Amino acid sequence: MFKIERLTRFARKVLWAVLPSLVVVLVLSFLTQVLARPEDLHKLLGTWQFWLRVALGIVPLLLAILTAFLLAARFLRAVYPRLRRLEAIKFLLFSRFGRPSFGPWMKIQGSKITMPENSVLTRIGGPGSLIVAGDNAVVLERGGVFTSVQGPGFPQLGPFERVYDMLDLGPKRTCYTVTAMSREGILLDWTVEVQYQLADGGQPLSNGAFYPLSPDDVFRASTSKWIREDGWKFGQDMDWEGLIVISQAEGTLRSILARRPLDQLIGITEEEEQAARIAIQKELEDDLRAYAPKVGAKILQVRLDNLRVRDEVAQQWIESWKARWQSWSAERLGHGEAANIYQLEKAKAEAQAEMILEISQALRGFLGNPSFPRQAISQMLRLRLFSVLDRADFAKSSRVFFPTQTLEALETIRQPIEGRIQPIVTALIANPSSITVTESTTILATIGDGQGNAVPDETEVVFGSSAGVLSDVSVKSVNSVAQTMLTAGSTAGDAQVWARVAGATASMTVKVLPGPPADVSLLVNPPGTEAGGEIELFAEARDAFGNPVADGTQAIFRATLGRLSASAVESRQGRAQSRLLADGKVGQ
């Protein structure tokens, strides 16, 4: 990257440093020649030999300057043995007068130096230039003192300023098998998958960067290191990733397993095993989410694979234990179902016998009374039947035969016979009918008698909902209308809302939509390709509560190299997909 301004500034500094000394020496040389032959001054000024001797007077100064640079370069090579002589001279010139061009330079990609690998910047430091890729950040230091944190772009290095650490800002995924023991001392292997990323501190996305950059979190991650004993299986140096995956995740999972017996880790059925795994996974994820900010990171997801027992004898014992428990549970379940069927049939027979006895006694009394009108017998039979059912509603055995829904339906039939008004919910609406998470909507229930007539005020209406929170559950009607307020929770989906009055129920659905995008992650597969290849791009967007954004949310893809199959894609279930087609250019 040649710039004429940079070269002009370099030349101006060189002249400003050297020219005064040259002028002084040139004047002294002129005076020396004049004082040596003062009688022939007029003739000497007109000869070229005089001016040659004057010019030769500055040669010692030039030799002294050259000698000083060579001695300084030799000293640098003694301090840094791998430094070449030309590199040492350039370092001295650039440190004193600045750089006439972009070089020396160093490219950082994938949290490592890609080219040139053996640069003077890695051995001694600046002045120089860095080319930092869009998903990387660097921490700079000089003389053991941290100077700054730089993100993607072209940061400049000052004299003796070096790269202390290089970090990848993109999401990472690590699978690691943890060996632990249960409370009984049985050896277990459990593979844990941790997805994590450097925290962004809520910073916006800057130009040229693929991910937001938080200097404080980058510095915290860079300085979060452990030095272990020489010959340790994971190497002597452990960075922030090792602290999360190996130190914290492994240590926490071992502690969790050591507190639990084996029968709490391995269930009899697959559903029980999954429930145990989810509980342990949540405990592990909560611990890692609390620890990650200490090393400048954030946890994206934690997953546990199936638990494996190392000892074959213990594995056979587990399978035998499962078989015994399954046999015992099947036997107990069979006995329970048989007893349940017996009690059900007994209750049915008792209820039917009681109902027949009551009705037959009522008929005997009606038929034996000649003064009782025949047309009233059917009405009295109905009332007698309802009297029997009322008593059955209070008997536990009868409730098996007469479910609550049946009794409510019979109550609806009885009230018109007795001349009572049966209020029902004629309309149930929500305004608005769809809301985003944590927002509220008004639920209105209109009640009547089913024949278009209003019901008395103070009629009690009971509201319920499968999700969210209702401001009032029991509401008294006013002008045949009862209302309450539904506030959605943090989970998107459908909320079933119902209103019940005097046994009559009406229901409706309120859609709870996700909020605006608050967290976006980008996954690439594969991370790199050759010219002419393709890279799958997956963008996943969630709202502030972790819900996938609404379908149809537009995702905009941008790439500095290559060609995108689609730059604007509508999301489905919170995800949008595109492809990057390499066009033959090398880079990132």
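Chemist: Honestly, the sheet that holds strand 24 (residues 534-542) in this entry has me stumped. Any pointers?
Modeler: Sheet strands pair via backbone hydrogen bonds, and the direction of the pair is either parallel or antiparallel. With respect to topology, four strands assemble into an open sheet ordered 23-24-28-26, the strand pairing being antiparallel. Each edge of the open sheet carries a strand with a single partner, namely strand 23 (519-525) and strand 26 (563-564). Of the pairings in the sheet, the one linking strand 26 to strand 28 (residues 575-581) comprises two bridges and is antiparallel in character. Paired with Leu564 across the bridge in strand 28 is Leu580.

Chemist: Which parts of the structure should I look at to understand the sheet that holds strand 18 (residues 469-470)?
Modeler: Across the sheet, four strands lie side by side as 14-16-20-18; this open sheet has antiparallel pairing. Pairing within the sheet leaves two strands with one partner each, and these edge strands are strand 14 (424-431) and strand 18. For strand 14 and strand 16 (residues 440-448), the ladder comprises seven bridges, and the chain directions are antiparallel. Residue pairing across strands places Ile429 opposite Leu444, the latter belonging to strand 16.

Chemist: So what exactly am I meant to see when it comes to the environment of Gly125 here?
Modeler: Relative to the helices and strands, Gly125 is located in the loop between helix 6 (120-123) and strand 3 (128-132). Here Gly125 falls in the buried class, since its relative accessible area comes to 1%. When the C-alpha positions of Gly125 and Leu140 are compared, they lie 9.9 Å apart, and in sequence the two are 15 residues distant. Setting aside residues up to four positions removed in sequence, Gly125 forms contacts with Phe91, Val120, Phe160, Glu161 and Arg162.

Chemist: Which parts of the structure should I look at to understand the side chain of Glu193?
Modeler: Its location among the elements puts Glu193 in strand 9 (residues 187-198). In this structure the side chain of Glu193 is engaged in a polar contact, spanning 2.9 Å, whose partner is the side chain of Gln195. Residues in contact with Glu193, not counting those within four places in the same chain, are Arg173, Thr174, Cys175, Gln301, Val302 and Arg303.

Chemist: Just checking my understanding: could you explain a nonpolar patch on the surface for this structure?
Modeler: On the surface, a nonpolar cluster with roughly 760 Å² of combined accessible area is contributed by Leu15, Leu19, Val23, Val24, Val27, Leu28, Leu31 and Leu35. Looking at the secondary structure, you find Leu15 in helix 1 (residues 4-36).

Chemist: For this particular structure, what's the right way to read the pairing of strand 16?
Modeler: Bridge count for strand 16 against strand 20 (residues 481-487) is seven bridges, and the pairing is antiparallel. Paired with Ser440 across the two strands is Thr487, which belongs to strand 20.

Chemist: Can you help me understand unusual backbone geometry in this one?
Modeler: Leaving glycine aside, a negative phi is the common case for residues, and trans is the common case for peptide bonds. A cis amide bond, omega 15°, links Gly126 with the succeeding residue Pro127. Within the secondary structure, Pro127 sits in the loop between helix 6 and strand 3. Omega for the peptide link from Asn431 to Pro432 comes to 0°, which places this bond in the cis form. Phi is positive for Phe160, which is not a glycine, with a value near 65°. Of the residues examined, Phe160 reaches a relative accessible area of 38% and is grouped as partly exposed.

So, how was this worked out
- Residues numbered from 1 in each chain as written.
- Predicted model: local features only at pLDDT ≥ 70, side-chain atom pairs only at ≥ 80, totals over all residues.
- Heavy atoms only, no water.
- Pairing = 2+ DSSP bridges.
- Helix = DSSP H or I, 4+ residues; strand = E, 2+ residues; numbered from the N terminus.
- Buried < 20%, exposed > 50% of the residue type's maximum accessible area, 1.4 Å probe, protein only.
- Contact = heavy atoms within 4.5 Å.
- Polar contact = N/O pair within 3.5 Å; in protein donor to acceptor, adjacent residues only side chain to side chain.
- Patch = residues over 30% accessible without salt bridge, like charges linked within 9 Å, V, L, I, M, F, W, Y side chains within 5 Å.
- Areas by Shrake-Rupley, 256 points an atom, 1.4 Å probe, with all protein chains shown as cover.
- Salt bridge = Lys/Arg side-chain N within 4 Å of Asp/Glu carboxyl O.

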